[in-house]
Number of protein chains: 2
Amino acid sequence: MKTYTSIVAALLALGAGAAAAQPADPLPSWNDGASKKAIVAFVERTTTKGSPVFVPPAERIATFDNDGTLWAEQPVYVQLFFALDRVRALAPRHPEWKEKEPFASLLKGDVKGALAGGEPTIAQIVMATHAGMTTDEFDAVVRDWAGKAKHPKTGKLFTEMVYQPMLELLAYLRANGFKTFIVSGGGIDFVRPFTERVYGIPPEQVVGSSIKTKLEMADGKPVLMRLPELNFVDDKAGKPVGIHQHIGRRPIAAFGNSDGDLQMLQWTTAGSGARFALIVRHTDAEREWAYDRASSIGRLDKALDEALAKGWTVVDMKKDWKTVFPGAPPDVTEPKD
Amino acid sequence: MKTYTSIVAALLALGAGAAAAQPADPLPSWNDGASKKAIVAFVERTTTKGSPVFVPPAERIATFDNDGTLWAEQPVYVQLFFALDRVRALAPRHPEWKEKEPFASLLKGDVKGALAGGEPTIAQIVMATHAGMTTDEFDAVVRDWAGKAKHPKTGKLFTEMVYQPMLELLAYLRANGFKTFIVSGGGIDFVRPFTERVYGIPPEQVVGSSIKTKLEMADGKPVLMRLPELNFVDDKAGKPVGIHQHIGRRPIAAFGNSDGDLQMLQWTTAGSGARFALIVRHTDAEREWAYDRASSIGRLDKALDEALAKGWTVVDMKKDWKTVFPGAPPDVTEPKD
């Protein structure tokens, strides 16, 4: 007759056997190559007990740029598509826009002409469409839009134009005790309504640019009004500032795709111990877009030089990724197994 | 011979028995009474599956004021003791302070005279002691100070003057899937170095007042310099703004002790579904301090009226708490069991 102890031992052995079985590849959309190898090596070195560069779970902070790093940013940032849709939606309430630039051109469909004024014009459009309502109202507007707005070229929802390999990377890091944050140059309140659903990142783990808000009473209830006044620009040298303000400690891994992320990558890698910096390089004109040093959106120039000089991981989208978007068929040039 | 199945069933039954045993009281330092009952009822209503006001774990956000809510704030805020110690430590580098107010009075030991100028004077002292160094340097200074600075009246470390019942409450909420945040009127970078050790709250879950920082290069490495310029005041109407900026969603429970917390409590309770607001009332001159409507530190006046009118939970420190500080003997007027 088997003893209680021996049965328990047998059960434990069964469990150990299951755990020892080869785990499924956590990054199935990544081709085997230097990028995937570098990611896995970093995670294993920092999370294996006894490793000389072991990092306690509380300090496993990983920060991700959004536009061009987690989702597509061409031909213009998704938030600009949102702003243009809002101009059309709000036009009936603003009859004066028919005569006033840049709104008049936008409403006639001349986006290129409207945006010829550059940054100040874009700021004007953003303030006109992102302020003048409560935070709850803006949240509802973004949720509604994100649930239906489609990319003009692909016909996909914008929220479907996220990168499958990066979704796997986020999940892989979290499965290894990392806390994942978005650190976006885009508006913090524009991305928060969908980061949890799309990336598994809750709103409190999103850092971004913002306009000011002010507490007011409306019908006896407190509301936060969104003011047409810049609060913080979370881009370039602003990214380490935003990270410090929101997170309060230095990431050990950071992920970007453009010169706007350079300072975040420098700040991250300047800490002691094991550090990881990765740049997504857009090299795939067929499945996504190909652009770098000369692009006005997501320019990758100085950060590419520094990545190459310092040996940061540079992902070649065309070579490193089996799949770009969720649900897309794997690239047939890659062997399937 | 027992079958494998029957052994497994027996093991499962053992486990079920253990789980069904009466759990230990999660709030042992709270006397049984209306406050404790209200806390437990709220947690059970919002976390029991099938409850009409069940809240998914991701939305279980609880925000806590720090000064006077989680630790003592008398006779003046802990951060002011820190600033005064820094004036003394920095004096050798500032010979001009011997002639310049408020520093001259401070260095002669005349704190009351030095602070007679009120808020602008305090701001001047804070800027002189909190800016002009990197974020890493400031972090090290605070860590060092928090590890040794003692309260002039009790002789305890300031970090030991935290409220044992509130530590239990934080742990109880977290054990029930709540994410706990500090939302302090004090400096975010002053409290972050010890919130994880003292409260179990990581730096990324701290909201507070701040001065501006700027990315600079020092010896080829990026640093964040602390500038003598106000960035954000996380007090009164600023608390909902800070909560929105950092957390991006409305808390379902908020805990404060003074009029500085009123807007946070209003903002929290104005949301739909079950909401919880609690005020710690300082009624215990013997074990802590007794103060409310007339106090210049931690004034509780308007918020007390509103709490009473709206039925928020008002903790009577003297009656509701068996113990105030960790390690202190329980109040002998209360029966021990």
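Just above, that's the structure.
A brief report on the enclosed structure follows. A quick note: this is a predicted structure, and the numbers were derived from the prediction, not measured. (Residues numbered from 1 in each chain as written. Chains lettered and ligands numbered in written order. Predicted model: local features only at pLDDT ≥ 70, side-chain atom pairs only at ≥ 80, totals over all residues. Heavy atoms only, no water.)

## Describing the interface of chain A and chain B
Next up, step 1: On the chain B side, the residues contacting the 42 residues of chain A number 43 residues.
Next up, step 2: If you look at where chain A meets chain B, you find eight salt bridges.
Next up, step 3: In this structure, the salt-bridge partner of Glu196(B) is Arg249(A), at a minimum N-O distance of 3.2 Å.
Next up, step 4: Going through the elements one at a time, helix H1 (4-20), helix H7 (135-146), strand S2 (179-187), helix H9 (188-199), strand S3 (206-218), strand S4 (221-232), helix H10 (238-246) and helix H11 (262-269) of chain A are the ones with two or more residues in the side of chain A that touches chain B.
Next up, step 5: Taken together, the residues of the side of chain A that touches chain B break down into 21 nonpolar, eleven polar and ten charged. (Contact = heavy atoms within 4.5 Å. Salt bridge = Lys/Arg side-chain N within 4 Å of Asp/Glu carboxyl O. Helix = DSSP H or I, 4+ residues; strand = E, 2+ residues; numbered from the N terminus. Nonpolar A, V, L, I, M, F, W, Y, C, P; charged D, E, K, R; others polar.)

## So, the environment of Ser35(A)
Residue and element names in this part refer to chain A.
Next up, step 1: Within the secondary structure layout, Ser35 lies in helix H2 (residues 34-47).
Next up, step 2: Exposure remark for Ser35: the relative accessible area of 5% places this residue in the buried category.
Next up, step 3: Taking C-alpha positions, Ser35 is 47 Å from Ala91, a pair spaced 56 residues apart along the chain.
Next up, step 4: Those residues in contact with Ser35 that lie beyond four places of it in its chain are Trp30, Thr313, Val314, Val315 and Asp320. (Buried < 20%, exposed > 50% of the residue type's maximum accessible area, 1.4 Å probe, protein only.)

## What about unusual backbone geometry?
Next up, step 1: Look at the link from Gln74(B) to Pro75(B): it is a cis peptide, with omega at 0°.
Next up, step 2: Along the chain, Pro75(B) falls in the loop between strand S1 (61-64) and helix H3 (78-90).
Next up, step 3: The backbone phi angle of Asp219(A) is positive, close to 55°, even though this residue is not glycine.
Next up, step 4: Relative to the assigned elements, Asp219(A) resides in the loop between S3 and S4.
Next up, step 5: For Asp219(A), a relative accessible area of 83% corresponds to the exposed category.
Next up, step 6: Located in the positive-phi region is Lys236(B), a residue other than glycine, with phi close to 50°.
Next up, step 7: Inspection of the secondary structure puts Lys236(B) in the loop between strand S4 (221-232) and helix H10 (238-246).
Next up, step 8: According to the relative accessible area criterion, Lys236(B) is partly exposed, its value standing at 44%.

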